[in-house]
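# Notes for the structure review
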Amino acid sequence: MSSKTLEQLQSYKALALAPFESLDVAVKGILSDPTYQFPNPDGWVGIEVEVENAGRAIVEPYVWYQKQDGSLRNHGTEWVSYPLPTNQIEKSLMWLYRCVLHSKVDFSVRTSIHIHLNVRNMTLDQILSLIIVYMAVEKLMFKFEGTGRYKSIFCVPLEECSLLDTLNTYVEQRFLVEYWMKYTAFNLCPITSFGTIEFRHMHGTKDVKKIMDWIALIQRLEMYARTTPSKEMLERVTALNTNSMYNYFVRDIFREHFHLLNSDNLKDDMEYNVMQIKYSLSNNSFSKELWINLTDKSPIYKKIKARQGILKKNIAKLNDTLIQNIFVDLSQAGTTPATPSLSDDFDFASRWQTISHQHPNWNEDQVNQFLDVIYHEWLEHSQNEPQDEPQNIILWDSR
Amino acid sequence: MTWEDFQQHYKDTYFRIALPNLKMKMVVYFSEVVNEGRSRSFVAKTEKMKDLILKFDTALITDFVMPSVRMFEHEGLIYIFDRLPNRQWSRGCCSKNSRIYSPLGKAGIPHISHDFSILQSAWDHAHTPTIINAVAKLADPIQIGVTLTNHFWISEGIKDVNILLWYNSGAIGYVNTKKREIEIRFAVLAQEVQDYLFRSKQEDWHVI
């Protein structure tokens, strides 16, 4: 893998420098001096803050500009920062939240905050290290966010998609372009355009301290990846197997920011992702060799072929039987004026048997529940006046 | 949720509904709008029944989340459910935001067809609690694989008759029920298999 940095491998647009001096003048007497201790004094980040009911900036935003965002509502907009060196992060955030935004802006569930981490001066090997260490602690990062963004369609965790299955093909930057998708929580796509990795986890919030803590955690990952070659990173991750080792590993990454994380169940929270890293980056020659030996005499092959025959027979037998017949009953029930008698009109026993037969994997409770709903629907329809709708269609309305 | 939002997020997707008096939720596919007027309704297709017409009612439709189970069985086969981080608006399950695939499909095994209509199985599925139970279940002629966890499962052998242990779509070792041994052939996951045995209280099994 190349030892060159990304900016040596490809040309990027020069970073647009914000008017920091003008901001310094503007904040004098309004904001107190920054006090937050970020771990990487040499880092650069970009920040995107989505807001609804945005309105116009109250004062000159200096280091921020507005972009329209189609995913938001109620005059939603995105405030995007210029690239910010670490020593400008706190001041810039304070300026935005205290002075630029008016008091009625809304951080609804649709809004989020994205942090772009500058990785132009990282090598491909360091990026791979960052992917590995991020993957290992992904759940902890989502727990820090804390509002359930892992279920968002715009912030999919790596744990729930298969992007890392192809990680063993990571040898060239091409990997990042061809395989990655924007709406992952950990988005590698901007590497090729801006030279950044985007962290999309954070929910919209007015809590500036939480945003700064979040940036500090991201910088911790970056710093750990910069100082740990990918081979060594993989060895460290592969060696994780006891609670204390997980604890040591996470403390080693986050150091004085460790306390920001929920570390109650480190092993449970990290284990699957660690397993996935091990699997993705190791050569499973056993499995490959087995597949080479797959023939039509292989037990699994023979069983699958036999299964197909069995299922065809079953389908022929069961086709258009149970469930459809029940709804034929329902359609006819519309003409029944009075509440039907249980014993005369609804044969629980035979229907129970048929449902069990058609759903062999259902347990008794599931069959009973299903039967229950069918009976109640049947009952409801039996009590209704005859309807004009097509008789094999059921109308459900729980209001 | 408004009717317009509902259509934008759920038309042409699969999701679960809780019907009156039904404790078990049912997967349906929102195929078309029937009535846009005061009585707003849509066609919901189900796997086993005829089409339903449901009136739009947020109390009726209660479960928009994707299945939490990652690996499940359907008619004896193993499937994996994955989310796809594409740019799209659908919240219900559909091919734009998720996929279902067979871990055996990659390897020239006879064609295994499936689509999202099997999603009910993903929500209903419960992993078999022990290896002994799983091996017993595997004796069923239609049962090709049996899941032990969201990632481990067993199947018949490929090269010989020994039962295989899998991690997702890769075989990682053999299961010997007589000796109660798991022979791990992909060593990096040996600890995870050991952890699985410990957590599922099968400590009389050994990993070699």
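Refer to the structure above for everything that follows.
As a starting point, this report considers the structure included with it. Nothing here was measured: the structure is a model prediction, and the numbers come from that model.

### With respect to the nonpolar core
- Ranked by size, the top nonpolar core spans 92 residues in total, and within it A:Ile47 and A:Met270 carry the most contacts.
- For this core, the element with the highest residue contribution is helix H4 (residues 124-145) of chain A, accounting for 15 residues.
- If sequence neighbours within four positions are ignored, A:Ile47 has contacts with A:Trp64, A:Trp79, A:Val80, A:Ser81, A:Leu84, A:Ile89, A:Leu93, A:Ile113, A:His114, A:Ile115 and A:Ile215.
- Ranked by size, the runner-up nonpolar core spans 33 residues in total, among them A:Leu294, B:Ile78, B:Ile80 and B:Phe81.

### Observations regarding the packing of H4(A) against helix H7 (residues 208-227) of chain A
All names here are of chain A.
- Closest axis-to-axis distance for the H4/H7 pair is 8 Å, and the angle between their directions is 150 degrees. When the axis of H4 is compared with that of H7, the two are roughly antiparallel. As H4 packs across H7, the resulting crossing turns out to be right-handed. For the pair H4 and H7, the contacting residues are Gln-126, Ser-129, Leu-130, Val-133, Tyr-134, Val-137, Met-141, Phe-144 and Glu-145 in the first and Lys-210, Asp-213, Trp-214, Leu-217, Ile-218, Leu-221, Glu-222, Tyr-224, Ala-225 and Arg-226 in the second.

### Some thoughts on the pattern of salt bridges
- Within the structure shown, the criterion is met by 26 salt bridges over all chains.
- A:Asp269 is paired through a salt bridge with A:Lys143; the nearest N and O atoms lie 2.7 Å apart. Of this pair, A:Asp269 sits in helix H10 (residues 266-281) while A:Lys143 sits in helix H4; the two residues are 126 residues apart in sequence, bridging distant segments of the chain.
- Residue classification places A:Lys143 among the partly exposed residues on the basis of a relative accessible area of 34%.
- Salt bridges linked by common partners bring A:Lys267, A:Asp268, A:Glu271, B:Asp195 and B:Arg199 together as one network.

### A few points about the sheet that holds strand S5 (residues 71-74) of chain B
All names here are of chain B.
- Taken together, the 3 strands give an open sheet; going across it, the order is S5-S6-S7, and neighbouring strands pair in antiparallel fashion. Among the strands making up the open sheet, the edge pair consists of S5 and strand S7 (98-101). Averaged over all neighbouring strand pairs, the angle between strand axes comes to 30 degrees, with direction disregarded.
- Direction of pairing for S5 relative to strand S6 (residues 77-83): antiparallel, over a ladder of 4 bridges. In the sheet register, Met-71 faces S6, and the bridge partner there is Ile-80.

### Some points on the sheet that holds strand S10 (residues 163-167) of chain B
- The 6 strands lie next to each other as S8-S9-S10-S11-S12-S13 (chain B), forming an open sheet whose pairing is mixed. If you trace the sheet from one side to the other, it starts and ends with strand S8 (145-147) and strand S13 (206-207) of chain B, each paired once.
- Two strands pair when backbone bridges link them, and strand S11 (residues 170-176) of chain B and strand S12 (residues 181-184) of chain B are joined in this way by 4 bridges, in the antiparallel orientation. Each bridged residue has a counterpart across the sheet, and for B:Tyr174 the counterpart in S12(B) is B:Glu183.
- Where H10(A) meets the sheet, its contacts fall on strand S9 (152-155), S10 and S11 of chain B, and the angle it forms with S10(B) comes to roughly 105 degrees.

Basis of the calculations
- Residues numbered from 1 in each chain as written.
- Chains lettered and ligands numbered in written order.
- Predicted model: local features only at pLDDT ≥ 70, side-chain atom pairs only at ≥ 80, totals over all residues.
- Heavy atoms only, no water.
- Core = buried A, V, L, I, M, F, W, Y, C linked by side-chain atoms within 4.5 Å.
- Buried < 20%, exposed > 50% of the residue type's maximum accessible area, 1.4 Å probe, protein only.
- Helix = DSSP H or I, 4+ residues; strand = E, 2+ residues; numbered from the N terminus.
- Contact = heavy atoms within 4.5 Å.
- Axes fitted to C-alpha atoms, helices over the stretch in contact; angles between N-to-C directions.
- Parallel < 35°, antiparallel > 145°, perpendicular 65-115°, else oblique.
- Left-handed = near helix turned anticlockwise from the far one by under 90°.
- Salt bridge = Lys/Arg side-chain N within 4 Å of Asp/Glu carboxyl O.
- Pairing = 2+ DSSP bridges.

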